Amino acid sequence: MTLKLGVIGTGAIGQEHIRRCSKVLQGAKVVAVSDINVDGAKGVVSRLGLDAEVYANGHDVIRSQDVDALLVTSWDPTHEEFTLAAIAAGKPVFCEKPLAMSAEGCRRIVDAEIAYGKRLVQVGFMRPYDAGYRALKQVIVNGEIGEPLMLHCAHRNPTVPENYTTDMAITNTLIHELDVLRWLTDDDYKTVQIVFPRSTNKTHARLRDPQVVLFETQKGTRIDVEIFVNCAYGYDIQCEVVGETGIAKLPEPASVQMRKDAKLSTTILTDWKDRFIDAYDVELQAFINDVTAGQLQGRSAWDGFAASVAADACLKAQESGAIEAVELPPRPAFYNK
């Protein structure tokens, strides 16, 4: 069986997903695409040599009888609308983060999916599919370092555009840690506080950079995450787990070590797409396989909701400077399957 995919949104991430589903992965074919820029969408289809229908409206892609499942890679504020429409049509949907623009929006998707009676939504959090994070998770699951006591993490970008603001450090950057650290520790957040060190001179008036996010989990694990989006030197993701009997650290990306000009060096990546390109492939191949098998197993609508609830608490903590509660309701039994 070849899964027939419809892709809503042909911007940068949409084009990448269309390319990988058409040229790299197995078992799927892109048969329909849409974008508000119809000529741009036609150009993507032509450049990749696809036999795909081009629509101006994402709802036409959802309604198409030729489409078995959907990828939502459109403008962030449209994600909730298209995901809800996919659920109403009974079609599996892979929605890039954010699932919705608010926790309330995510909850509407959760409620719609539960009402439908079957998991149809996977959220595009790719880090649990990264080989390094999976290896780190296995160390924890196997009990090789005992129970996690502390996590020291960092998310560093070389630079960000002028329209990047303080709140986006949470909603665009930390959002990945909000998901992957829940998955890594199998734990939910209890409280969060954000502190601001001295700002780098590479930032601007609307962005306080860096910032440090301090979590306590329900089990009592303490997590600190440094967000530094103008670090200048590269794209650098760090995660160190301090356990009862040892320490485990996220592996560095593979890089040739060089001895040259009296220096010992390894290259640091500068682009997030390069850092997680393999994880995207694994993530979408898993979605294709799961849809074909009839049971989604990836990051769920509940995971998207949980990340959004935590993000809202972080935004509140940015403003107050106080320790804020992360008020996540109990997980519905529907998502324990």
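Before reading further, recall that the structure is shown in the block above.
It should be emphasised that the depicted structure is a prediction, and the values quoted were computed from it without experimental measurement. (Residues numbered from 1 in each chain as written. Predicted model: local features only at pLDDT ≥ 70, side-chain atom pairs only at ≥ 80, totals over all residues. Heavy atoms only, no water.)

### Quick look at the pairing of strand β9 (residues 211-217)
Quick note on the threshold: A simple rule labels every residue: compare its accessible area, found with a 1.4 Å probe on the protein chains alone, to the largest value its type can have, and call it buried under 20%, exposed over 50%, or partly exposed in between. Secondary structure counts use DSSP, requiring at least four H or I residues in a row for a helix and at least two E residues in a row for a strand, with both numbered from the N terminus. We call two strands paired when DSSP finds no fewer than two bridges between them.
Among the seven residues in β9, five count as buried, and that is most of the element. By the bridge criterion, six bridges tie β9 to strand β10 (residues 222-228) in an arrangement that is antiparallel. The residue bridging L214 from the neighbouring strand is D224, located in β10. From the end of β9 to the start of β10, which pair antiparallel, there are four residues, and G220 there has a positive phi angle of about 95°.

### Regarding the pattern of salt bridges
Stated precisely, the cut-off is as follows: The working definition used for a salt bridge is a side-chain nitrogen of Lys or Arg within 4 Å of a carboxyl oxygen of Asp or Glu.
Tallying each qualifying case throughout the model produces 17 salt bridges. With a shortest N-O distance of 3.2 Å, R156 and D236 are connected by a salt bridge. Of this pair, R156 sits in strand β7 (residues 148-156) while D236 sits in strand β11 (residues 236-243), and the two are 80 residues apart along the sequence. In this structure, R156 and D236 share a single accessibility class: buried. The shortest N-O distance in the salt bridge between D303 and R182 comes to 3.2 Å. Taken together, the residues D303 in helix α10 (residues 301-320) and R182 in helix α7 (residues 168-185) connect sequence positions 121 residues apart. R182 shares its class with D303; the two are buried. Put simply, D179, R182, D188, R299 and D303 are held in one network by salt bridges that share partners.

### Some remarks on the sheet that holds strand β6 (residues 121-124)
Just so we agree on the cut-off: Axis angles are defined between N-to-C directions and span 0 to 180 degrees, where every axis is a line fitted to C-alpha atoms and, for a helix, only to the segment in contact.
Taken together, six strands build an open sheet; the order of strands is β3-β2-β1-β4-β5-β6 and the sheet is parallel. Every other strand in the sheet has two partners, leaving β3 (53-55) and β6 as the edge strands with one partner each. Averaged over all pairs of adjacent strands, the angle between strand axes in this sheet comes to 25°, irrespective of strand direction. Alignment of strand β2 (residues 28-34) against β3, held across three bridges, turns out to be parallel. The partner of V33 across the bridge, within β3, is V54.

### Thoughts on the nonpolar core
The cut-off we apply is this: To qualify as a nonpolar core, a set must consist of buried Ala, Val, Leu, Ile, Met, Phe, Trp, Tyr and Cys residues joined through side-chain atoms within 4.5 Å. Contacts are assigned to residue pairs that have any heavy atoms within 4.5 Å of one another.
Ranked by internal contacts, the top residues of the largest apolar core, which has 77 residues, are L178, L181, V213, F215 and C239. Ignoring sequence-local partners within four residues, the contact set of L181 consists of L151, C153, Y189, I223, V225 and C239. Membership of the second largest hydrophobic core comes to 23 residues, among which are L3, V7, V30 and V291.

### A word on helix α6 (residues 131-141)
Just so we agree on the cut-off: Directions pointing from the helix axis toward each C-beta atom define the arc. Under this definition, polar contacts are N or O atom pairs within 3.5 Å; protein pairs additionally need one hydrogen-donor-capable and one acceptor-capable atom, and for neighbouring residues in sequence, both atoms have to be side-chain atoms.
Residues of α6 that are buried include every one of G132, Y133, L136, K137 and I140, and no others. For α6, the angular spread of the buried residues around the axis is 135°, confining them to a single face. In α6, the exposed residues that point more than 90 degrees away from the buried face are A131 and V141. Among the structural elements, β7, α7, β11 and β12 (247-249) are those in contact with the buried residues of α6. With a side-chain oxygen lying 3.1 Å from the backbone nitrogen of G132, the N-terminal cap of α6 falls on D130.

### Overview of the sheet that holds β12
Read across the sheet, seven strands follow the order β12-β11-β7-β10-β9-β8-β15 without closing on themselves; strand pairing throughout is mixed. Of all the strands in the sheet, the pair left with one neighbour each is β12 and β15 (324-325). One ladder, built from eight bridges, connects β7 with β11; its direction is antiparallel. In the sheet register, M150 faces β11, and the bridge partner there is V242. Taken strand by strand, α7 contacts β7, β8 (189-195), β9, β10 and β11, and its axis lies near 150° from that of β10.

### Some remarks on helix α5 (residues 103-116)
Going by this rule: Working rule for helices: expected span equals 1.5 Å times residues minus one.
Taking 1.5 Å per residue, 14 residues should reach 20 Å; α5 reaches 20 Å between its end C-alpha atoms and fits that length. For α5, the complete set of buried residues consists of A103, G105, C106, I109, V110 and E113. The buried side chains of α5 occupy one side of the element, clustering within an arc of 165° when seen end-on. Of the surrounding elements, those touching the buried residues of α5 are α4 (79-89), β6 and α10.

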